[in-house]
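# Residue-level structure breakdown
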2 protein chains.
Amino acid sequence: MGEIKHLVIVKFKEGVVVEDIVKGMEKLVSEFDLVKSFEWGQDSEGPEMLTQGFTHSFSMTFDKKEDYAEFQSHPNHVEYSATFSAAIEKIVVLCFPSVRVKPSA
Amino acid sequence: MGEIKHLVIVKFKEGVVVEDIVKGMEKLVSEFDLVKSFEWGQDSEGPEMLTQGFTHSFSMTFDKKEDYAEFQSHPNHVEYSATFSAAIEKIVVLCFPSVRVKPSA
C-alpha cells in the first residue's frame, strides 16, 4: 500500500490574498511531522475548458490513513480550515492511496 | 523553478473499464523519458460535497515546460488522449510549476 495523498484544488474568491492563505498552510504543515510532504502550485495559463476555473493545487502526503485523520481533526487544522473555507469559491478534495508507477520503487 | 506538474482529475463515464484506461496511461508514460514521475489514485470514500463526483487523480511531472509541450504534441499522446477523452464525464486539468515546501530540498 502506498502513501495517502490529500489533494485539494480550488478557485479562490476575488480579492483573496492567496499568499496569506499559502503562508498559513505552510505554517500549519510545518507543525505536523505527520505530514510527510507538501507541494502546491498555481496554474495561470491553462484554458478555462481544461481548468474549469480552478487555479491552485495543494497536495500533502501521509504514511497512513490514521495519520491523515489525526491531522484533519487536530484543532490547529480545524481552525485553519475555517479561514481556508471562507476564502474559496469552489473546491475539489480527493484523498486516496497513491499508486506510484514512475519512478519505480 | 521547480518541476512542472501536470495534474488531471476526472470522473469516468458509467461502464468504463478504468483499469484499461490506467494501463494505457502506464504504457504511454513508459515510452517517454521526458515524463519524470507518474502517480495516480482513486478516492472511493470521499463525500460528494468534497469530491464533487471526481474519483481519479493522475499526476505527472516534467523537468521543464518544453518537455511537457513535447509530450502533449507527440502522436502517441494525441492518440491516447482521444481514448481518454471518450471515457470521461468530467475533467479538470491543471499544469503548474510545483512549489515543494516539504520535505525541504
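What you see is a predicted model; the values in this text were computed from it and never measured.

Okay, the interface of chain B and chain A next. Listed by partner, the interface residues are 38 residues for chain B and 39 residues for chain A. Taken together, the two surfaces of chain B and chain A that pack against each other cover about 3000 Å², and 56% of this comes from carbon and sulfur. Counting the contacts that link chain B with chain A gives four salt bridges. For Glu-45 of chain A, the salt bridge goes to Lys-65 of chain B, with nearest N and O atoms at 2.9 Å. Viewed at the interface, chain A and chain B are joined by 24 residue pairs in polar contact (both at pLDDT 80 or more). Contributing elements (two or more residues each) for the side of chain B that touches chain A: strand 1 (4-12), helix 1 (18-30), strand 2 (35-42), helix 2 (48-51), strand 3 (56-62), strand 4 (88-97) and strand 5 (99-102) of chain B. The element best represented in the side of chain B that touches chain A is strand 2 of chain B, accounting for eight residues. For the side of chain B that touches chain A, a count of residues per class yields 19 nonpolar, eight polar and eleven charged. Sheet topology note: the strand 2 (residues 37-42) of chain A/strand 5 of chain B ladder contains three bridges and is antiparallel. Among the inter-strand pairings, Glu-39 of chain A is bridged to a residue of strand 5 of chain B, identified as Arg-100 of chain B.

The sheet built from five strands is open, its strands ordered 4(A)-1(A)-3(A)-2(A)-5(B) with antiparallel pairing. At either end of the open sheet lies a strand with only one pairing partner, and these are strand 4 (88-97) of chain A together with strand 5 of chain B. With direction set aside, neighbouring strand axes in the sheet form an average angle of 15 degrees. Inspection of the sheet shows strand 1 (residues 4-12) of chain A paired to strand 3 (residues 56-62) of chain A by seven bridges, in the antiparallel sense. Paired with Ile-4 of chain A across the bridge in strand 3 of chain A is Phe-62 of chain A.

Taken as a whole, this structure holds one cavity of 30 Å³ or more when the rule is applied. Its boundaries defined by the atoms lining it, the largest cavity holds a volume of some 110 Å³. The wall of the largest cavity is formed by 15 residues, among which Lys-5, Leu-7 and Ser-59 of chain A together with Leu-7 and Ser-59 of chain B lie closest to the centre. Put simply, the parts of the chain that give the lining of the largest cavity at least two residues each are strand 1, strand 2 and strand 3 of chain A together with strand 1, strand 2 and strand 3 of chain B. Of the residues that constitute the lining of the largest cavity, the class distribution is six nonpolar, five polar and four charged.

This part is about the packing of helix 1 (residues 18-30) of chain A against helix 4 (residues 75-87) of chain A. All names here are of chain A. It is the contact of helix 1 with helix 4, at a shortest axis distance of 11 Å, that shows an interaxial angle of 165 degrees. In this view, helix 1 runs roughly antiparallel relative to helix 4, as classed from their interaxial angle. For the pair helix 1 and helix 4, the sense of crossing is left-handed. Facing Ile-21, Gly-24, Met-25 and Leu-28 of helix 1, the residues of helix 4 in contact are Asn-76, His-77, Tyr-80, Phe-84 and Ala-87. A breakdown of the residues in the contact of helix 1 with helix 4 according to their chemical character gives six nonpolar, three polar and no charged.

Analysis parameters
- Residues numbered from 1 in each chain as written.
- Chains lettered and ligands numbered in written order.
- Predicted model: local features only at pLDDT ≥ 70, side-chain atom pairs only at ≥ 80, totals over all residues.
- Heavy atoms only, no water.
- Contact = heavy atoms within 4.5 Å.
- Buried area = accessible area lost by both parts, 1.4 Å probe.
- Salt bridge = Lys/Arg side-chain N within 4 Å of Asp/Glu carboxyl O.
- Polar contact = N/O pair within 3.5 Å; in protein donor to acceptor, adjacent residues only side chain to side chain.
- Helix = DSSP H or I, 4+ residues; strand = E, 2+ residues; numbered from the N terminus.
- Nonpolar A, V, L, I, M, F, W, Y, C, P; charged D, E, K, R; others polar.
- Pairing = 2+ DSSP bridges.
- Axes fitted to C-alpha atoms, helices over the stretch in contact; angles between N-to-C directions.
- 1 Å grid on protein atoms, 1.4 Å probe; cavity = no way out; pocket = protein on both sides within 12 Å on 5 of 7 lines; lining within 4 Å.
- Points joined across faces, edges and corners; volume = space filled by probe spheres on them.
- Parallel < 35°, antiparallel > 145°, perpendicular 65-115°, else oblique.
- Left-handed = near helix turned anticlockwise from the far one by under 90°.

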